[in-house]
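Letter by letter, the chains look like this.
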Amino acid sequence: MSGINQAGSCHCGAVAYTATGIIISNELCHCMNCSRNRGVSPVHLICVSGVDGADPISITKGEDLLAKHYSTDKLSHVFCSRCSSLIHQGPDGAPFRAITPTTFKIQDGLSCMLHESYKPTLHINYENRLFDWSDDLPKYKAFPGAGAVKLDNAGNVI
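Criteria and thresholds
Residues numbered from 1 in each chain as written. Predicted model: local features only at pLDDT ≥ 70, side-chain atom pairs only at ≥ 80, totals over all residues. Heavy atoms only, no water. 1 Å grid on protein atoms, 1.4 Å probe; cavity = no way out; pocket = protein on both sides within 12 Å on 5 of 7 lines; lining within 4 Å. Points joined across faces, edges and corners; volume = space filled by probe spheres on them. Helix = DSSP H or I, 4+ residues; strand = E, 2+ residues; numbered from the N terminus. Nonpolar A, V, L, I, M, F, W, Y, C, P; charged D, E, K, R; others polar. Buried < 20%, exposed > 50% of the residue type's maximum accessible area, 1.4 Å probe, protein only. Lys, Arg positive; Asp, Glu negative; His and termini not counted. Salt bridge = Lys/Arg side-chain N within 4 Å of Asp/Glu carboxyl O. Core = buried A, V, L, I, M, F, W, Y, C linked by side-chain atoms within 4.5 Å. Pairing = 2+ DSSP bridges.

So, on to the layout of surface pockets. Looking at the largest pocket, its volume works out to about 310 Å³. Lining the largest pocket are 19 residues, and of these Glu 27, Cys 47, Phe 96, Ile 124 and Phe 143 sit closest to its centre. Broken down by secondary-structure element, the contributors of at least two residues to the lining of the largest pocket are strand E2 (16-29), helix H1 (32-38), strand E3 (43-49), strand E7 (86-91) and strand E8 (96-99). Looking at side-chain class alone, the lining of the largest pocket contains 13 nonpolar, five polar and one charged residues. Of the voids in this model, the second largest pocket is the one considered here, and its volume is about 260 Å³. Forming the boundary of the second largest pocket are 15 residues, of which Arg 38, Val 40, Val 43, Thr 100 and Thr 102 lie nearest the centre. The residue inventory of the lining of the second largest pocket, partitioned by class, reads eight nonpolar, six polar and one charged.

Structurally, Glu 27 can be placed in strand E2. Lacking a salt bridge, the buried Glu 27 has Arg 38 as its closest oppositely charged neighbour, with an N-O distance of 13 Å.

Counting residues in hydrophobic clusters, the biggest one holds 16 residues, and the most contacted among them are Ile 4, Tyr 17, Ile 46, Ile 99 and Phe 104. Of all the elements in the fold, those that place two or more residues in this core are E2 and E3. A total of three residues in this core trace back to one element, the largest contributor, which is E2.

We now examine the pairing of E3. Among the seven residues in E3, seven count as buried, and that is most of the element. Alternating residues of E3 divide into Val 43, Leu 45, Cys 47 and Ser 49 and His 44, Ile 46 and Val 48, and every residue in both groups is buried. Pairing of E3 with E8, which is carried by four bridges, proceeds in the antiparallel orientation. Note that in E8 the partner of Cys 47 across the bridge is Ala 98.

What follows is the structure, given as C-alpha cells:
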C-alpha cells in the first residue's frame, strides 16, 4: 500500500479537497451502482483510509456546496451541488473514502497522465461488466479477499 497526498476539485472548481492517507485499493469497478451513478463503466476508484483514524478527505473550499445522495441505504455519494462532480463515495461508517482520479489536479499543460501509483491494479464486480476487458489486471467476480472468485478476461472462473 502506498500513501497519497493529492489535491482535487469538482469540474466547476467550486469545491476543492485534499486526499491524505493510505491507498488501500485502486480498482476499476464494474458494479451497476457505480456505473449508473457516474454514467460510465468501469469507474476508476481509489480507496483511501485516513492516518490514525482521521478522515482521509479534507474539504478545502466549498464545503457548503456539498450534497449527498444515497444509491443504497448505506452507500453515499458526496458531490458538488453546482456541477454534480463526485468528490467521494463510500459505505457509511467505513474507514475509507473512494475518490476518482478524474478530479485530481495533475495537469501540467502537457499531460494529464496519472502517476504510476494512481493507476488501477485490479477489476472488481467484473461479473457486471458491459464488455470483456483484455488486460493483465486481476479480475474479481465481486471483491478480493478470502474466498474471492477470480475471473479471466472472458468472465470464466479461474
